[in-house]
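Structure at a glance
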Amino acid sequence: MHKVDLPVDQSVEKAVERRRAAETARKGRIFNTRLRVLGIDVDALNQQVQEKRHQQDTEKQRDKAFDKLRKYQDEALLQQDIDEKEKREALHIDLAQYWATHQRAEDSRDADLKCGLEGAFKSTIPESELGPASMQIFQGEDIGEEQRKRKQMKMTERDLQVQMDDNERRHMAAKHREMLLSRELVHQDLRGVQQAALEEECKKAACIALDSYNQALAAERAEKLKEKHRIEERENLAEMWHTMTSDMMTECAEAAEKEVGGGKAPQVLPDRWKGMSPEQLKTIYREREEQRLERQRQRDAEKLQEAAWGLQQLKLSREAEEEERRAAELRREQRIQMDEYNKQLAREQQAHQEYLNKKLYTNKPTKDYFYQFNTSSR
């Protein structure tokens, strides 16, 4: 038999290689300290930045396209408005030209009646051949036209004459009113001049009377001031004489006392008091000495009381020091006992640790034992 080279299926090998590459990338992510601790995926961040930039570029291109479309539509609308305006203007010009050419007022059948134009259209058909519907003026119409016009002219002249008479009467009445108003103004001016003259005379009389009254008041005031000065001088002299002859200047002690009766001490008048008498001074000195002695006795008693309190406090402080000393001795004994107990515990712990290290745990793990960990991402 001939040897046939069959095609090798590469899909399995590609799948294995793909899984190996994925496992290698996963190990790199898991065992990378920076990514594991900080949690920063640089590739993902770069991809997000690229996507964001691509999105921004797309939005810019879309905005530019919209701007171009909007500009094109605006230009189209403006051009459409311009075309419509031009069409309307052309239509208006054509319509006006059509009216001026084919629909003139001079060419109408009733141009002679409406506009009074000469050379208007007139029918060339004889009247005998026209029917009743073509008649324009009938026999017997407007027979008294001249009489009616004369009557209208007379009525118009009469109305105009009446209006002229009314205007003349109104004009005369206005002139009469103006003349009366002028006369009244003249009378008012004369009355004002007379009243102003009377007021001036009254003011002069009032000023003269006021001057006389002010002079009388000034004389009366001067007399009153003189009388007031004379009274003040008499009162000042009387006050000086009274002061010189009073008990205040003579320094009389009895002048400062006022008898109240009823066996009470006389009342002292502050405005006349000149000082205490020798008997009063001796009484004050005696009372002050008694107060000093009483105060000295009180201070001595306080010193004795303070000395007793000092002895009591000294006794209490000594007792407190003794109690503190006994408590310190007790604490020292307790601390010695605790130290002995801790030493015993330390010796027992050391013996137990030596037993574990030298007798129980004799096999130590090698590096191969630790290398078997963290070899796969699973």
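Since the model is a prediction, treat every value here as computed from it, not as a measurement.

1. Some words on the overall build of the protein
The helix and strand tally for the protein stands at eight helices and two strands. The linear arrangement of helices and strands in the protein, starting from the amino end, is α-α-α-α-α-α-β-β-α-α. Residues counted as buried form 2% of the 378 residues belonging to the protein. Long-range pairs, those at least 24 residues apart, make up 26% of the contacts in the protein with a sequence separation of at least 6. Counting only carbon and sulfur atoms, one obtains 55% of the accessible surface of the protein, whose full area is about 36,600 Å².

2. Brief notes about a nonpolar patch on the surface
Residues Met 276, Leu 281, Ile 284 and Tyr 285 make up a contiguous nonpolar surface patch of roughly 340 Å² in combined accessible area. Note on placement: Met 276 falls in the loop between β2 (267–268) and α7 (278–360).

3. Re a negative patch on the surface
A contiguous patch of negative charge on the surface is contributed by Asp 81, Asp 83, Glu 84, Glu 86 and Glu 89. Counting through the fold element by element, Glu 89 comes out in helix α3 (residues 42–102). Looking at Glu 89, the relative accessible area reads 52%, which means it is exposed.

4. Some details on the pattern of salt bridges
A side chain with one charge may pair with a side chain of the opposite charge, provided their charged atoms come close. Overall, the coordinates contain 13 salt bridges when judged by the stated rule. For the salt bridge of Glu 17 with Arg 20, the shortest nitrogen-to-oxygen distance reads 3.6 Å. Separated by three residues within a single helix, Glu 17 and Arg 20 lie in helix α1 (residues 11–30), roughly one turn from each other. Of the residues examined, Glu 17 reaches a relative accessible area of 48% and is grouped as partly exposed.

5. Thoughts on the confidence of the model for the protein
Overall, the prediction assigns the protein a mean pLDDT of 81, with 77% of residues at 70 or greater. Across the protein, the element-wise mean pLDDT spans from 55 in helix α4 (residues 111–114) up to 91 in α7.

Criteria and thresholds
- Residues numbered from 1 in each chain as written.
- Predicted model: local features only at pLDDT ≥ 70, side-chain atom pairs only at ≥ 80, totals over all residues.
- Heavy atoms only, no water.
- Helix = DSSP H or I, 4+ residues; strand = E, 2+ residues; numbered from the N terminus.
- Buried < 20%, exposed > 50% of the residue type's maximum accessible area, 1.4 Å probe, protein only.
- Contact = heavy atoms within 4.5 Å.
- Areas by Shrake-Rupley, 256 points an atom, 1.4 Å probe, with all protein chains shown as cover.
- Patch = residues over 30% accessible without salt bridge, like charges linked within 9 Å, V, L, I, M, F, W, Y side chains within 5 Å.
- Salt bridge = Lys/Arg side-chain N within 4 Å of Asp/Glu carboxyl O.
- Lys, Arg positive; Asp, Glu negative; His and termini not counted.
- Charge placed at Lys NZ, Arg CZ, Asp CG, Glu CD.
- pLDDT = per-residue confidence, 0-100.

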